[in-house]
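# Structural overview for review
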Amino acid sequence: MFRFNPGTSAGPLISTTASSPSSEGVQMITWLSPRTFASSNAAGSMIVWRPEHGSTWAGLRQAAVLRYDASFGESQQRRCLRAGTHLYLVAGHANGYLTIWSGTPQGHDFHLVRSVDMRSAHSVNPWNCTTSGAYP
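Figured I'd write up the structure that's included with this text. Only a predicted model underlies this, so the values are computations on that prediction, with no experimental measurement involved.

Criteria and thresholds
- Residues numbered from 1 in each chain as written.
- Predicted model: local features only at pLDDT ≥ 70, side-chain atom pairs only at ≥ 80, totals over all residues.
- Heavy atoms only, no water.
- Helix = DSSP H or I, 4+ residues; strand = E, 2+ residues; numbered from the N terminus.
- Buried < 20%, exposed > 50% of the residue type's maximum accessible area, 1.4 Å probe, protein only.
- Areas by Shrake-Rupley, 256 points an atom, 1.4 Å probe, with all protein chains shown as cover.
- Phe/Tyr/Trp six-rings, centres within 6.5 Å; stacked < 30°, edge-to-face > 60°.
- Pairing = 2+ DSSP bridges.

Further remarks concern the overall build of the protein chain. Check the secondary structure of the protein chain and you find zero helices and 10 strands. N-terminal to C-terminal, the α/β element order of the protein chain is β-β-β-β-β-β-β-β-β-β. Counting every position in the protein chain, which comprises 136 residues, the buried fraction comes to 29%. On the protein chain, roughly 8,700 Å² of surface is accessible, and the fraction owed to carbon and sulfur atoms is 54%.

Moving on to the packing of aromatic side chains. Inspection of the entire model under this criterion finds four aromatic pairs. Relative to Trp49, the ring of Phe37 has its centre 6.5 Å away and its plane inclined at 20°; by these criteria the two rings are stacked. Of this pair, Phe37 sits in strand E4 (residues 36-42) while Trp49 sits in strand E5 (residues 45-51), and the two are 12 residues apart along the sequence. Each member of the pair, Phe37 as well as Trp49, is classed as buried. Members of the aromatic cluster, joined through ring pairs, are Trp31, Phe37 and Trp49.

Turning our eyes to something else, we now look at the pairing of strand E8 (residues 86-93). Pairing of strand E7 (residues 75-83) with E8, which is carried by eight bridges, proceeds in the antiparallel orientation. Of the residues in E8, the one forming a bridge with Arg79 is Val90. With antiparallel pairing between neighbouring strands as the criterion, E7 and E8 make up a hairpin whose turn holds two residues, including Gly84 at a positive phi of roughly 65°. As judged from the six bridges shared by E8 and strand E9 (residues 97-103), these two strands associate in the antiparallel manner. Within E9, the residue paired with Ala91 across the bridge is Thr99. Adjacent in sequence and paired antiparallel, E8 and E9 are bridged by three residues, among which Gly96 carries a positive phi angle near 90°.

As structure tokens, then:
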């Protein structure tokens, strides 16, 4: 988390840090609700973060782990939207899948609604290489 420096000779300052449990780089982050956000963790999970009740961002803690099939890959794209009494998190994954999650408008109680295979049956691959990078 950053706070902005009112001075003109310095940029934002880091005020709070958090480390993903997987110790991998964060590839996705999105706000779910005030004081609640989700981030990528590793292939197979995303993390919902929020500060402890009544605390500042310095009290940032994992509120939930959203688990999915690791073959979908890391979450890299995201969109969060409200529809009626539900908050939806739609995440695009590295291996061509989409997951749709539903929770409360406050960013609680997320569960996987559905996964969608977005891979093309006829992918564009002019080099005819495999996903491992090996050539035929």
